[in-house]
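The residues making up each chain are set out below.
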Amino acid sequence: MIHNNTISKSRAIFTGDRPTGALHLGHYVGSLKNRLILQENGDNLTILIADTQVLNNDLSKAKNVKNNILEVMKDYISVGLNPTKVRFALQSKVLELFELTNYLSNIVPMNQLLRVPTLKKEAAMYLGKNSSNLGFINYPVSQTADIILFEPDLIPVGEDQVPVLEFGNYIIRMFHNHFECNIFKKIVPMISEIPRLVGTDGSEKMSKSLGNVINLNSTKKEIETSVRKMYTDSGHVKISDPGKIEGNVVFTFLDLFHENKEEIKNLKQQYQRGGLGDMVLKNMLVKDIDYILAPMREKRNSLSDNQLLELLDNGTKKAISQAQFKMEEVRNIIFQ
Ligand code: TRP
């Protein structure tokens, strides 16, 4: 596993997002910030917008996919990903991915696949325990195809995706053993330093389905509304009451987003002694979050929808020619 502070010369980086809706602060902290670092380092970054993968989780989301692809492209541009440096590609247009998924499916033992821990957790989260469809169960296989067709050096993902990537390496080994070849590059996950942001309600993960997000395209008013509702300490009723820091969501966010760490240290002491109101902290946090999101709001509409789609189209074309080249090699190995 590689952490994002190991900066070296230009590497091929490949990652993906499911376009399920506008991206939020959790994405920014957990993955987008890391991508900006990679971009500045001069790495070759490809981002796959995994639109077909959305269907694996919930077929009814198909109707929103087209619009969400545009929203996600706007999010990328607004955080500062530079389209002249980053290649964006649309999964559903790269047909070789589905071809490779099909071939790989014949190698994967079903019982091993069902043991991938991420699959179990996500099935419970998205589908309810007993309603997994075949497409969903097969997603570690299709995600492996996404990756190995493009031969990247590193794959930045959230921690919860690591078992899926490890399973990918297992598939590669099985393929190499069976066909007595060595054509796929080992999958190397890259985990960002802050893998997960808590939700505004204090639950473990900021997630759209839990309704505890602050979207990157939020207005200042929307930030205010979210922060006002944040949990602090239910024992902290009067300003003079001593308050708790542990589990206090506002402090968790301030720790991340307030630049002056010394000031936070002092405020924590004051809060624990008593005499510091929640509103003071919340107003600070609104300012801190708005400081990050305001420039994004400005950049968000710097490109028209058509320009964004054209960018995506150009990136996808390049991805297709790379995929076609590799697929030819794969076919020649399978059908000798
Ligand atoms: N499953 C990833 C997610 O959680 C999206 C994804 C699809 C991906 N294909 C990928 C990530 C390939 C990394 C590499 O959104």
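Everything below is about the structure shown above.
Residues numbered from 1 in each chain as written. Predicted model: local features only at pLDDT ≥ 70, side-chain atom pairs only at ≥ 80, totals over all residues. Heavy atoms only, no water.

Enquirer: Explain empty space enclosed by the protein here, please?
Expert: Once rolled over the atoms, a probe with the size of a water molecule shows which space is left empty. The tally for this structure, following the rule as stated, stands at 1 cavity of 30 Å³ or more. Quantified by volume, the largest cavity comes out at close to 30 Å³. Around the largest cavity sit I147, I148, E151, P152, I155, K185, K186 and I187, which together line it. (1 Å grid on protein atoms, 1.4 Å probe; cavity = no way out; pocket = protein on both sides within 12 Å on 5 of 7 lines; lining within 4 Å. Points joined across faces, edges and corners; volume = space filled by probe spheres on them.)

Enquirer: Is there a simple way to think about the sheet that holds strand β4 (residues 86–90) in this case?
Expert: By definition, the strands of a sheet pair up through backbone hydrogen bonds, in either a parallel or an antiparallel sense. The strand order across the open sheet built from 3 strands is β2-β3-β4, with neighbouring strands paired in parallel fashion. In this open sheet, the two edge strands, each paired with only one partner strand, are β2 (12–17) and β4. Shown here is a sheet whose adjacent strand axes are inclined to one another by a mean of 20°, direction ignored. Examined bridge by bridge, β2 and strand β3 (residues 44–49) share 6 bridges and lie parallel to one another. Bridge pairing in β3 links T15 to I47. Along the sheet, helix α1 (residues 25–40) makes contact with β2, β3 and β4, crossing β2 at roughly 155°. (Pairing = 2+ DSSP bridges. Helix = DSSP H or I, 4+ residues; strand = E, 2+ residues; numbered from the N terminus. Axes fitted to C-alpha atoms, helices over the stretch in contact; angles between N-to-C directions. Contact = heavy atoms within 4.5 Å.)

Enquirer: Looking at this model, I keep getting lost on the side chain of N68. Mind explaining?
Expert: Relative to the assigned elements, N68 resides in helix α3 (residues 62–79). Within the structure, N68 has its side chain in polar contact with the backbone oxygen of P19 (distance 3.3 Å). Non-local contacts of N68, meaning those with residues more than four positions away in its chain, are made with P19, T20 and G21. (Polar contact = N/O pair within 3.5 Å; in protein donor to acceptor, adjacent residues only side chain to side chain.)

Enquirer: Would you take a moment to explain the site of the ligand for this structure?
Expert: Around the ligand, the surrounding shell consists of F14, T15, G16, R18, A50, Q53, Q143, D146, I147, I155, V157 and Q161. Q53 places a polar side-chain atom, nitrogen or oxygen, 2.8 Å from a nitrogen atom of the ligand. With respect to the ligand, the side chain of D146 contributes an N or O atom lying 2.8 Å from a nitrogen atom. Isolated, the ligand exposes 370 Å² of accessible area, and the fraction of that covered by the protein chains is 91%. Elements represented by at least two residues in the shell around the ligand include exactly β2, α8 (139–148) and β5 (155–157). (Near = heavy atom within 4 Å. Areas by Shrake-Rupley, 256 points an atom, 1.4 Å probe, with all protein chains shown as cover.)

Enquirer: Even after reading the chapter, I still don't get the pattern of salt bridges, so can you show me in this structure?
Expert: Think of it this way: side chains of opposite charge can pair up when their charged atoms draw near. Overall, the coordinates contain 16 salt bridges when judged by the stated rule. Residues R331 and E99 are paired through a salt bridge, measuring 2.7 Å at the closest nitrogen-oxygen approach. Taken together, the residues span a long stretch of sequence, with R331 in helix α14 (residues 305–334) and E99 in helix α4 (residues 95–105) at a distance of 232 residues. Looking at R331, the relative accessible area reads 24%, which means it is partly exposed. Put simply, D255 and K268 hold a salt bridge, and the shortest N to O gap is 3.0 Å. Of the two residues, D255 is situated in helix α11 (residues 249–257) and K268 in helix α12 (residues 261–273); the sequence distance between them amounts to 13 residues. Among the charged side chains, a network of salt bridges with common partners joins E71, K74, D75, R300 and D305. (Salt bridge = Lys/Arg side-chain N within 4 Å of Asp/Glu carboxyl O. Buried < 20%, exposed > 50% of the residue type's maximum accessible area, 1.4 Å probe, protein only.)

Enquirer: Help me understand the packing of aromatic side chains, please; the structure alone is not making it clear to me.
Expert: The geometry of an aromatic ring pair is captured by two quantities: the separation of the ring centres and the angle between the planes. Taken as a whole, this structure holds 9 aromatic pairs when the rule is applied. An aromatic cluster of at least three residues, connected via ring pairs, comprises F175, F179 and F184. (Phe/Tyr/Trp six-rings, centres within 6.5 Å; stacked < 30°, edge-to-face > 60°.)

Enquirer: Mind showing me how you'd approach the environment of D290 here?
Expert: Along the chain, D290 turns up in helix α13 (residues 278–300). The exposure class of D290 is buried, given its relative accessible area of 13%. D290 sits 39 residues away from E329 along the chain, and the two C-alpha atoms are 50 Å apart. Contacts of D290, omitting those with residues within four sequence positions, involve K220, I223, P295 and R297.

Enquirer: Can you help me understand the packing of α3 against α13 in this one?
Expert: Two packed helices can be described by the angle between their axes and the distance between those axes. For the pair α3 and α13, interaxial distance at closest approach is 8 Å and the crossing angle is 120°. The angle between α3 and α13 falls in the class oblique. Crossing handedness for the pair α3 and α13: right-handed. On the side of α3, the interface is formed by E71, K74, D75, I77, S78 and V79, while α13 contributes M296, K299 and R300. In terms of residue class, the contact of α3 with α13 is built from 3 nonpolar, 1 polar and 5 charged. (Parallel < 35°, antiparallel > 145°, perpendicular 65-115°, else oblique. Left-handed = near helix turned anticlockwise from the far one by under 90°. Nonpolar A, V, L, I, M, F, W, Y, C, P; charged D, E, K, R; others polar.)

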